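What follows is the residue order along each chain.
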Amino acid sequence: MKLPASEAAATLPGSAEPGGAARREREQTRARYPDVDGHVERDAVRVAYEVYGDGEPTVLLLPAWSIVHSRFWKAQIPYLARHFRVVTFDGRGNGRSDRPAGAEAYSIDEFAADALAVLEATGTERATLIALSRGALWGTVLAADHPERVDGVVYIAPAVTLTSQRTERVDGAGERWLKYHKLTDDNYHEFLGFFFSQSFPEPHSTKQIEDGVGWGLGTTAQTLTDTALGAALPRSEPFEATVARVKCPTLVIHGSADRIRPHAGGAALAEATGGRLVTLEDAGHLLNARDPVKVNHLLRDFVSGAPAPAPRWMHARSRPRRALYISSPIGLGHARRDVAIADELRRLHPDLQIDWLAQHPVTRVLEERGERIHPASRWLANESAHMESESAEHDLHCFHALRRMDEILVANFMVFSDLAREEQYDLWIGDEAWELDHHLHENPELKSAAYVWLTDFVGWLPTVDGGARESFVTADYNAEMIEQIARYPRVRDRAIFVGDPDDIVDERFGDDLPAIRSWTEAHFAFPGYVTGFDPLALGQREALRAELGYAEDERVCIVSVGGSGVGASLLRRVIASFPEAKRLVPELRMIVVAGPRIDPASLPDAEGLEIRPYVHDLYRHLAACDLAVVQGGLTTAMELTANRRPFIYFPLKHHFEQNFHVRHRLERYGAGRRMDFDESPSDAIAMAIAEEIGREVRYRPVATDGAARAAALIAELV
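Here the structure is a predicted model, which means the values were calculated and not measured. (Residues numbered from 1 in each chain as written. Predicted model: local features only at pLDDT ≥ 70, side-chain atom pairs only at ≥ 80, totals over all residues. Heavy atoms only, no water.)

Student: I'd love a proper account of the overall build of the chain, names of residues and values included.
Tutor: The helix and strand tally for the chain stands at 28 helices and 20 strands. Relative to its length of 718 residues, the chain is compact, with a C-alpha radius of gyration of 28 Å against a globular reference of 27 Å. Evaluated residue by residue, the chain yields a buried proportion of 61% over its 718 residues. Restricting the contact set of the chain to residue pairs at least 6 apart, pairs at least 24 apart contribute 74%. (Helix = DSSP H or I, 4+ residues; strand = E, 2+ residues; numbered from the N terminus. Rg over C-alpha atoms; globule rule 2.2 N^0.38 Å. Buried < 20%, exposed > 50% of the residue type's maximum accessible area, 1.4 Å probe, protein only. Contact = heavy atoms within 4.5 Å.)

Student: Describe unusual backbone geometry, naming the residues involved and giving the relevant values.
Tutor: Most peptide bonds are trans, and most residues other than glycine sit at a negative phi. Between Glu-56 and Pro-57 the backbone carries a cis peptide bond, its omega angle lying at 0°. By secondary structure assignment, the location of Pro-57 is in the loop between β2 (45–52) and β3 (58–61). A cis amide bond links His-360 to the next residue, Pro-361, at an omega of 10°. Look at His-394: it is not a glycine, yet its phi comes out positive at around 45°. On the secondary structure map, His-394 appears in the loop between α16 (383–390) and α17 (398–403). Positive phi is not limited to glycine here, since Arg-644 has a value of about 55°.

Student: How would you sum up the pattern of salt bridges? Please name residues and give values.
Tutor: This structure, assessed with the given rule, holds 60 salt bridges. In this structure, the salt-bridge partner of Lys-207 is Asp-406, at a minimum N-O distance of 3.6 Å. Of this pair, Lys-207 sits in helix α8 (residues 206–216) while Asp-406 sits in helix α18 (residues 406–422); the two residues are 199 residues apart in sequence, bridging distant segments of the chain. By the burial criterion, Lys-207 is buried, and Asp-406 matches it. (Salt bridge = Lys/Arg side-chain N within 4 Å of Asp/Glu carboxyl O.)

Student: So, the packing of aromatic side chains: which residues are in play, and what are the values?
Tutor: Summed over all chains, the structure comprises 25 aromatic pairs. Relative to Trp-138, the ring of Phe-111 has its centre 4.0 Å away and its plane inclined at 20°; by these criteria the two rings are stacked. Of the two residues, Phe-111 sits in helix α4 (residues 108–121) while Trp-138 sits in helix α5 (residues 135–145), which places them 27 residues apart along the sequence. The residues Phe-111 and Trp-138 share a single accessibility class, namely buried. Here Phe-399 and Trp-460 contribute two aromatic rings whose centre-to-centre distance is 5.6 Å and whose plane-to-plane angle is 50°, an arrangement assigned as tilted. Here Phe-399, found in helix α17, pairs with Trp-460, found in the loop between β13 (450–455) and α20 (467–487); they are 61 residues apart in sequence, far enough to count as distant. Among the residues examined, Phe-399 registers a relative accessible area of 1% and is labelled buried. On the basis of relative accessibility, which here comes to 12%, the residue Trp-460 falls in the buried class. Here the aromatic residues Phe-399, Trp-434, Trp-453, Phe-457, Trp-460, Tyr-477 and Phe-656 are joined through ring pairs into a cluster of three or more. (Phe/Tyr/Trp six-rings, centres within 6.5 Å; stacked < 30°, edge-to-face > 60°.)

Student: For the sheet that holds strand β19 (residues 647–650), give the residues involved together with the corresponding values.
Tutor: Spatially, the 6 strands line up as an open sheet ordered β17-β16-β15-β18-β19-β20, and their pairing is parallel. The open sheet terminates on both sides in strands that have one partner only, identified here as β17 (610–612) and β20 (673–674). As judged from the 2 bridges shared by β19 and β20, these two strands associate in the parallel manner. Paired with Tyr-649 across the strands is Arg-674, a residue of β20. (Pairing = 2+ DSSP bridges.)

Student: Can you tell me about helix α25 (residues 634–642), naming the residues and giving the values?
Tutor: Most of α25 sits out of view: 9 of its 9 residues are buried. Among all positions of α25, only Leu-634, Thr-635, Thr-636, Ala-637, Met-638, Glu-639, Leu-640, Thr-641 and Ala-642 are buried. Close packing links the buried residues of α25 with α14 (333–348), α24 (618–624), β18 (627–631), β19 and α26 (656–669).

Student: Would you mind going over the nonpolar core in detail, with residue names and values included?
Tutor: In this structure, Ile-67, Ile-156, Phe-191, Phe-196, Leu-357, Phe-416 and Trp-428 are the most contacted members of the largest nonpolar core, which totals 108 residues. A per-element tally of this core places α18 first, with 10 residues. Dropping the residues within four chain positions of it, Leu-357 is found in contact with Leu-324, Tyr-325, Ile-326, Ser-327, Ala-376, Ser-377, Leu-380, Val-415, Phe-416 and Leu-419. Within the second largest apolar cluster, 63 residues are counted, among which are Leu-548, Val-593, Leu-622 and Ala-628. (Core = buried A, V, L, I, M, F, W, Y, C linked by side-chain atoms within 4.5 Å.)

Student: Any details on the pairing of β18? Residues and values, ideally.
Tutor: A large share of β18 lies buried, amounting to 5 of its 5 residues. Where β18 meets β19, 4 bridges bridge the pair, whose relative direction is parallel. Each bridged residue has a counterpart across the sheet, and for Val-629 the counterpart in β19 is Ile-648. For the crossover that starts at β18, traverses α25 and ends in the parallel β19, the hand is right-handed. (Right-handed = clockwise from strand over helix to strand, strands pointing away.)

Student: Provide a residue-level description of the sheet that holds β13, including the pertinent values.
Tutor: Read across the sheet, 6 strands follow the order β11-β10-β9-β12-β13-β14 without closing on themselves; strand pairing throughout is parallel. Pairing within the sheet leaves two strands with one partner each, and these edge strands are β11 (372–373) and β14 (494–497). Inspection of the sheet shows strand β10 (residues 353–357) paired to β11 by 2 bridges, in the parallel sense. Considered in β11, the bridge of Asp-355 is made with Arg-372. In this fold α14 packs onto β9 (322–327), β10, β12 (427–431) and β13, with an angle of close to 165° to the strand it touches most, β9. (Axes fitted to C-alpha atoms, helices over the stretch in contact; angles between N-to-C directions.)

Structure, rendered in structure tokens:
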């Protein structure tokens, strides 16, 4: 079932509580947190501000209409703060600022005075102003009245009217606009869905619309009415005259498909201020949210005065072969297979230099291997931490968690973008680097090297209890990806599925979308699974056990949940099962591996139980064990399958990849015993351990040459 974007936006889960969605949004993981925050009070109204970074010059991100607060700059703050000092504040009427009553409290001059007060409170002598929509009104007043404080102004979709004949909205929604002429508590939520669907006319804008509705719930219908009336209050000077007094450099960015403020208004403002006009074709109103990469580049270039030059240039004939490898940090499995592929690539091209753009916990594996981690990696926002913040007790709705990670993904793509802009690479490899793949397709002109995309699953799928909304959103994400590949097939020079065609689920991308398997077969190459090791190279199992310190007369059970901290609940449940499991299997030796992101000291202890931190080359221990108890991640399960070891796995609730994609693959291999966390108390786990430990298995063989085959596909591009 599909829902129109405006209707879908109006059915956000949990949005009935006024302000609730906005509060929850503020609790989500940010790509960057403020270095300083505070309030400034003016005429008994408190205005909240935040300061990021300490570079020069300073950028002041102005509030727009009070339908949103300063988090609507979330895609800009992390990037700009790496290059400049950034100050932002919640406009009165939303966020952490006060909500005074009456139209007079929301006049253009009041907002301009707030901006000046924030400059004073943050010790900012001069700043470049970034103004979106109605922010253009108070930004213009500040630049005209205090030219000594303003270095320049960037107007994004400015909500100003300078043309003699006002351009009416021509989107066919005129009657619906009239419907909301008077906002009330009864129609406010419906209005938010409508307003933000008009703000984002671009297809596949579901997340941006949801954000807008959530932020709009941070204020009320009456407050928003006051702000609309306040902006219309007469001023002592005609606005055209105020604009004429703006003498600093200006830039106007406006979408040609803006349904909120006509493009003609932005063009008129650029002409009136003598500024440059940049038109984003077929783009809507809130460009900073829907086209963040393009907007960020325009902002940086304007504030700095010129595009960032490459620090050095080398003639093509003299350049060494260089590859930049971006490995997903969500789990350690990507790191192991990526290192294996990198080793094979270097065998084929011994002169190839591989740099890694990576973050913890992937960097832990890379450091152990002596790989070169690019210094720019320090700027990456941590994706694993975000996933952990989204998890509950053995529950992670990974699709929605990924959608809510959009701020982090934009920030991390901008790190990549700066690096690709400043250094020359022959090849980019992205292993489930979602930010790289999405934003390169959104901005194909940025592609300056051969690009390889790797993944071990294709297709976002709704969970069983997700309902119509989730079915709609997952299908929308799939449809966007399909359209991107069809429109720009040149972006991906190679798309590699880590596995075989039979590993693909027998599902559709959506009700009216292609079958996942047939589409993937048409667009991907298949090197087979990449284990990162050859089981035969481990030698005899008895010798391996002796090397690792495991006695012949003990039954070894390894408990591991991978590289994130999401599995702590499972570790505790299995630990609780140990005394009963030990009674059932007296020779049992249980070793719990906390991994790189779980503090072993945070886990309960039991007599005879061993708890270890991160274990390098854990696959060797899994090959030697008599049983493993793991989460539902693909890598660990396939390592156990390749080593023909019995294992019990507990897929995370609402984790569509583990419950659909991984489960399908393991069932194809006839591997593992699946258990449900909610239906498995500690005594049930103990019984399962007793039944499975040391059991003879008959798994389908796992290919051992996947890394070499994948590298051969990639090496053709170097």
